[in-house]
Amino acid sequence: EILDGPIVWSPGLAGAVVEISPSTGALLRTVAPSITCASFVVTDPFTGDLFVNDSCAGGGSENGSVWRIANPSNASPTVTVYSSSPGVNGGMSFGPGGTLYMLDYRDGGVASITGTSSASPGQLSVVPGIVNGDLGILAEGALTNGDARTLTLAASPGADGFPLGIRTFDVSETPATATSLEVENAYANVQILGPDQCMYASMAVAVYRITNADGTCP
């Protein structure tokens, strides 16, 4: 069971991005082979391309690359390095405006990567004000420049005044500020926004639906 932080890699294991049948779970094909520890696959809202990183650590597995898998439905998709961080990465999430956000364990915070529709795609910078983030991340809302308005992720206690848990940060300001605690004392491997606008988070052995107190969303 992975509680928090990067996954410990075992030498000899090979990673890949694969397509499986949504009805039977059967392996249909390998979309992108030879990515040591392929993790956190996300879809670009503008091109439909897939993006994946490497979240492993140990045994020489560290790789800060973010790979772009262009035309993933084709028989032979094109795999290129879109961007790169200094080291070990975590969860990723595209904001509606196209900016990609990624947990950067080496720098202890969150990286912002310019989207495919920007004037300079793939440029990485650190989001000021967020430290000690782990595992899943969810970007919501779009500013005029394509950046997200809020980021929701788990973080350890810090200067923001909230205890350990999943919290929401307002990133429309610099530095980002924590505005609310969503779930106390919990980390989520993956966080997504459902078509019902509720948040879904995988934690340990279950997937949780996170709503307002009255059951409404967002």
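Shown above is the structure to which this text applies.
All residue numbers here refer to positions counted from 1 along the written sequence of the relevant chain. Residue-level local features of this predicted model are given only where pLDDT is at least 70; pairs of side-chain atoms are given and counted only at 80 or more, and the full residue set underlies all totals for whole chains, interfaces and linings. Think of the side-chain values as coming from all heavy atoms in the structure, minus any hydrogens and water.

## Here we look at the overall build of the chain
Line of reasoning, step 1. A run of H or I in DSSP counts as a helix once it spans at least four residues, and a run of E counts as a strand once it spans at least two, with each numbered from the N terminus. Scanning the chain from N- to C-terminus turns up zero helices and 19 strands.
Line of reasoning, step 2. This radius of gyration counts C-alpha atoms alone. The globule rule is 2.2 Å times how many residues there are, raised to the power 0.38. A globule of 218 residues ought to have a C-alpha radius of gyration of about 17 Å, and the chain, at 17 Å, matches this closely.
Line of reasoning, step 3. Per-residue accessibility, obtained with a 1.4 Å probe over protein chains only, is compared with the maximum for each type, and a residue is labelled buried under 20%, exposed over 50%, and partly exposed between these values. Among the 218 residues that make up the chain, the fraction classed as buried is 44%.
Line of reasoning, step 4. Here, residues are in contact when the closest pair of their heavy atoms is within 4.5 Å. A sequence separation of at least 24 residues applies to 36% of the contacts in the chain between residues at least 6 apart.
Line of reasoning, step 5. When the 6 basic and 19 acidic side-chain charges of the chain are each reduced to a single mean position, those positions are 6 Å apart. Positive: Lys, Arg. Negative: Asp, Glu. His and the chain ends are not part of the count. In plain terms, the charge of a residue is placed at NZ if it is Lys, CZ if Arg, CG if Asp and CD if Glu.

## A closer look at the pairing of strand E16 (residues 177-184)
Line of reasoning, step 1. One ladder, built from six bridges, connects strand E15 (residues 165-170) with E16; its direction is antiparallel. Opposite Ile166, over in E16, you have Val183 as the bridge partner.
Line of reasoning, step 2. By the convention used here, strands pair only if DSSP detects at least 2 bridges between them. Between E15 and E16, which pair antiparallel one after the other, the connecting turn spans six residues.

## What to know about the layout of surface pockets
Line of reasoning, step 1. For cavity detection a 1 Å grid was placed over the protein atoms alone, and a set of points counts as a cavity when a 1.4 Å probe fits there but cannot get out; an open set counts as a pocket when protein lies on both sides within 12 Å along at least five of seven lines, with lining residues being those that have an atom within 4 Å of a point. Grid points are joined across faces, edges and corners, and a volume is the space filled by probe spheres set on the points. Approximately 240 Å³ is the volume found for the second largest pocket.
Line of reasoning, step 2. Glu140, Glu182, Met199, Ile210 and Pro218 are, among the 14 residues lining the second largest pocket, the residues nearest its centre.
Line of reasoning, step 3. By residue class, the composition of the lining of the second largest pocket is seven nonpolar, five polar and two charged. Residues were grouped as follows: Ala, Val, Leu, Ile, Met, Phe, Trp, Tyr, Cys and Pro as nonpolar; Asp, Glu, Lys and Arg as charged; and all remaining residues, including Gly, as polar.

## Overview of the packing of aromatic side chains
Line of reasoning, step 1. Geometry of aromatic contacts follows a simple scheme: Phe, Tyr and Trp rings, the Trp one being its six-membered ring, pair when their centres are within 6.5 Å, and the pair is stacked under 30 degrees between planes, edge-to-face over 60, tilted otherwise. Scanning the model with the defined rule gives two aromatic pairs in all.
Line of reasoning, step 2. Ring centres of Phe51 and Tyr82 lie 5.0 Å apart, and the angle between their planes is 85 degrees; on these two criteria the pair is classed as edge-to-face. With Phe51 in strand E5 (residues 50-54) and Tyr82 in strand E8 (residues 78-84), the pair connects residues that are 31 residues apart, well separated along the chain. Comparing Phe51 with Tyr82, the two get one shared label, buried.
Line of reasoning, step 3. Geometrically, the ring pair formed by Phe51 and Phe94 is edge-to-face, given 5.2 Å between the ring centres and 75 degrees between the ring planes. Taken as a pair, Phe51 in strand E5 and Phe94 in strand E9 (residues 89-94) lie far apart in primary sequence, 43 residues in all. Comparing Phe51 with Phe94 shows no difference in burial state: the two are buried.
Line of reasoning, step 4. Here the aromatic residues Phe51, Tyr82 and Phe94 are joined through ring pairs into a cluster of three or more.

## A word on the pattern of salt bridges
Line of reasoning, step 1. Salt bridge, as applied in this entry: a Lys or Arg side-chain nitrogen positioned within 4 Å of an Asp or Glu carboxyl oxygen. For the structure shown, the criterion picks out three salt bridges.
Line of reasoning, step 2. Across the salt bridge formed by Arg68 and Asp49, the nearest N and O atoms sit 2.8 Å from each other. Placement of Arg68 in strand E7 (residues 65-70) and of Asp49 in the loop between strand E4 (38-43) and E5 is noted, with a sequence separation of 19 residues between them.
Line of reasoning, step 3. For the salt bridge of Asp196 with Arg209, the shortest nitrogen-to-oxygen distance reads 3.5 Å. With Asp196 in the loop between strand E17 (190-193) and strand E18 (199-203) and Arg209 in strand E19 (residues 206-210), the pair connects residues that are 13 residues apart, well separated along the chain.
Line of reasoning, step 4. You can call Arg209 partly exposed: its relative accessible area is 47%.

## Quick look at the nonpolar core
Line of reasoning, step 1. Working definition of a nonpolar core: buried Ala, Val, Leu, Ile, Met, Phe, Trp, Tyr and Cys residues. They are joined through side-chain atoms within 4.5 Å. Within the largest apolar cluster, 15 residues are counted, with the highest numbers of intra-cluster contacts made by Ile166, Val183, Ala188, Met199, Ala201, Met203 and Ile210.
Line of reasoning, step 2. Elements represented by at least two residues in this core include exactly strand E13 (133-142) and E18.
Line of reasoning, step 3. The element contributing the most residues to this core is E18, with three residues.
Line of reasoning, step 4. Each residue touching Met203, except ones within four places of it in the same chain, is listed here: Ile166, Ala186, Tyr187, Ala188 and Tyr208.

Scope: geometric values only; no functional claims are made or implied.
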